[in-house]
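Take a look at the letters that make up each chain.
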Amino acid sequence: MSEVYQVSTPDYAGPMDLLVFMVRRRELDVAYISVGAIATDYLAWIDKTPSLDFDNAGDFILLAAILLQLKAAELLPSPKPEQFDLELLAGDQARSGEEIAALRETVMRLADLEEQQIDLFDGGGVYISGLDRELAGEMLADVTLYDIALAFRSLIRELPPERTHIIEDIPYSLEGQMAFIVSFFKDGKRLAFNRLAEALDSRLAVIMTFLAMLELMRIGSIAVRQPQPFGDLELELLDSRDER
Amino acid sequence: MKGSTDIQLVEALIFASPEPVDLSRLAEIIGNVSHDDVREMIGELNRQYAESERSFSIVSGGGGYRFATQPQFSRWVRKLVIGSGRLRMSRAALETVSLIAYKQPISRSQIEAVRGVDTGGVIRMLLDRKLIRVKGRDTGPGRPLLYVTTTDFLTYFGLDSLDDLPKPAELVEADRRFWSNTLSTEDNT
Amino acid sequence: MKGSTDIQLVEALIFASPEPVDLSRLAEIIGNVSHDDVREMIGELNRQYAESERSFSIVSGGGGYRFATQPQFSRWVRKLVIGSGRLRMSRAALETVSLIAYKQPISRSQIEAVRGVDTGGVIRMLLDRKLIRVKGRDTGPGRPLLYVTTTDFLTYFGLDSLDDLPKPAELVEADRRFWSNTLSTEDNT
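What you are looking at is a predicted structure, and each value in this text was computed from that prediction instead of being measured.

Chemist: How do you make sense of the interface of chain C and chain B when you look at a structure like this?
Modeler: Reports of interface size often rely on the accessible area that becomes lost once the parts have come together. With 46 residues of chain C at the interface, the matching set in chain B holds 49 residues. Here chain C and chain B share 3 salt bridges between them. A salt bridge links Glu-11 of chain C to Arg-54 of chain B, with the nearest nitrogen and oxygen atoms 2.4 Å apart. The tally of links from chain C across to chain B stands at 16 residue pairs in polar contact (both at pLDDT 80 or more). Of the residues in the side of chain C that touches chain B, the class split is 22 nonpolar, 11 polar and 13 charged.

The structure is reproduced here in structure tokens:
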């Protein structure tokens, strides 16, 4: 039985993996978390722990590394502005300087208010005696469109996928692809099939072009060689007019 | 002083917890107290509440301790909770209304085919609250009633028309992009 | 005795309500009391809590009154309710929600035009925490979803209304015009 290390910082207390999860979800700002302090605490904890569990230690090091990576990413200058580009608001939407100031003030005001409110916790699960369970405990207050959309999505996700066959029109014809191949010979008499394939953007196009190649072989317009086993195919244009 | 802080802590923890908290969790968070100590502190808190005629007390239930209002106030509390004007729904009602919103017109058996449970009660409740209404019958066997959402439904959610319902993908697609950007190391864990 | 019951009732109602309750709602449910009476009873309750060293008190915000734990217990309470949305917001989230509060209703692309970064994940987080909600769609091209702040937003920041935040410039402008009009008519009389 090994004990899992619990992180304890002013902003977060709990298991390390949850901390990393929350930082990733941006519920917690990594800027507030000192990875150094966590590492120091962890080493102190290891010293006090009689036997080291290598699995847990490995997990911790991985999580600490991820945390460090996330923090480093946060600290590095970003190619895109991480904060309000207020000038953009001014230019793009022709807003006044007054509005920019007000917006900046809103951010500061909310940050202050959050600081005041962050340590106040509401009553979580007060039981209302004499009220039926449905109303007291199991009701979701203030249902929003988001709740409805998510509920629908999770219901639908649990269903087996509908079996449908979609019949698509094939945008290629044998004649078309034959002409396509012939058009490649304008620079010379030889052509690697790979060069043709590079110009094709779907599996279907490759298949149709291959069939067109076989057809051109059949009518004697081209010859196809494969110099090496599994190697590229080489197409050669035959002068059909001469033969006729 | 230390004792007073611990008892306040027990009170704060039980108060703030969204679910009933059991003795071991309380003892673990407070530290250096036994289960009996915690139990005693809860008893002391309830004595204080009774003495000062508080309208609530700590009760056990649901696998732990939680606050409950005294039964004599339930009449008024009910008025407050029910008539708040904000939409409250059970999970079952939410699922049913979401199916009707996105798949309307839909019959009860079609809803039940997805949810896998009887939805009669929930549909009646949604009809009562005028969030859904009956709109004709299906042409299929048994000609079941078909349900659609109402104008009240649109009004409540501030929608002009059903076309404005957010597509689940619109809300979630953004999320997926976010996860794949930030969580490229996810595979390792 | 009647007085004692009323004050208990105020306590029970605020205690049981999952969201802040305003004075008029309290007065309405109790009946035969003025807003001032209720305000006074709340003051009296808070005096009692302070005297008996309760770990919580009644605070205002979100357009009403609610119970909240005293800040000095937050270290322990946070351990218990970790992950339930009482963590400081990231800078990105704070900026996004400020912009929504300020310019609502606003679409995601409008937000991104100002913030200059992908905000999908942040918006999802704000929706999850119910600090914002979808309210219809824009009439412009692509008909994007529009977001507004919620009552939970007010509660989270301890605001009573959006009026407590700086107003958009157009409103400020309109205000000024209104006042200068009123003032000039006063001058005439």
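Chemist: Even after reading the chapter, I still don't get the packing of helix 5 (residues 91-103) of chain B against helix 6 (residues 108-115) of chain B, so can you show me in this structure?
Modeler: Each packed pair of helices is defined by two parameters, the angle between the axes and the distance between the axes. Residues and elements named next belong to chain B. The N-to-C vectors of helix 5 and helix 6 enclose an angle of 120°; their axes lie 10 Å apart at closest approach. Relative to helix 6, the element helix 5 lies oblique. Considering the relative orientation of helix 5 and helix 6, their crossing is right-handed. Residue-level inspection shows Ala-92, Glu-95, Thr-96, Leu-99 and Ile-100 of helix 5 in contact with helix 6, the latter providing Ile-111, Val-114 and Arg-115. Of the residues that constitute the contact of helix 5 with helix 6, the class distribution is 5 nonpolar, 1 polar and 2 charged.

Chemist: Any chance you could explain a nonpolar patch on the surface here in plain terms?
Modeler: Residue and element names in this part refer to chain A. A cluster of nonpolar side chains, contributed by Ile-207, Phe-210, Leu-211, Leu-214 and Met-217, occupies part of the molecular surface with about 400 Å² of accessible area. Its location among the elements puts Met-217 in helix 10 (residues 203-218). Met-217 gets classed as partly exposed once you look at its relative accessible area, which sits at 35%.

Chemist: Is there a simple way to think about the pattern of salt bridges in this case?
Modeler: Side-chain pairing between opposite charges can occur once the charged atoms of the two side chains come close. Residues and elements named next belong to chain B. With the rule as written, the count across this model stands at 23 salt bridges over all chains. Linking Arg-39 and Asp-36 is a salt bridge whose minimum nitrogen-to-oxygen distance equals 2.7 Å. Remark: Asp-36 and Arg-39 occur in helix 3 (residues 35-51); sequence separation between them is 3 residues, near one turn of the helix. Owing to a relative accessible area of 42%, Arg-39 belongs among the partly exposed residues under this scheme. Residue Arg-115 pairs with Glu-95 through a salt bridge whose shortest N-O separation is 2.8 Å. Of this pair, Arg-115 sits in helix 6 while Glu-95 is found in helix 5, placing the two residues 20 residues apart along the sequence.

Criteria and cut-off values
Residues numbered from 1 in each chain as written. Chains lettered and ligands numbered in written order. Predicted model: local features only at pLDDT ≥ 70, side-chain atom pairs only at ≥ 80, totals over all residues. Heavy atoms only, no water. Contact = heavy atoms within 4.5 Å. Salt bridge = Lys/Arg side-chain N within 4 Å of Asp/Glu carboxyl O. Polar contact = N/O pair within 3.5 Å; in protein donor to acceptor, adjacent residues only side chain to side chain. Nonpolar A, V, L, I, M, F, W, Y, C, P; charged D, E, K, R; others polar. Axes fitted to C-alpha atoms, helices over the stretch in contact; angles between N-to-C directions. Helix = DSSP H or I, 4+ residues; strand = E, 2+ residues; numbered from the N terminus. Parallel < 35°, antiparallel > 145°, perpendicular 65-115°, else oblique. Left-handed = near helix turned anticlockwise from the far one by under 90°. Patch = residues over 30% accessible without salt bridge, like charges linked within 9 Å, V, L, I, M, F, W, Y side chains within 5 Å. Areas by Shrake-Rupley, 256 points an atom, 1.4 Å probe, with all protein chains shown as cover. Buried < 20%, exposed > 50% of the residue type's maximum accessible area, 1.4 Å probe, protein only.

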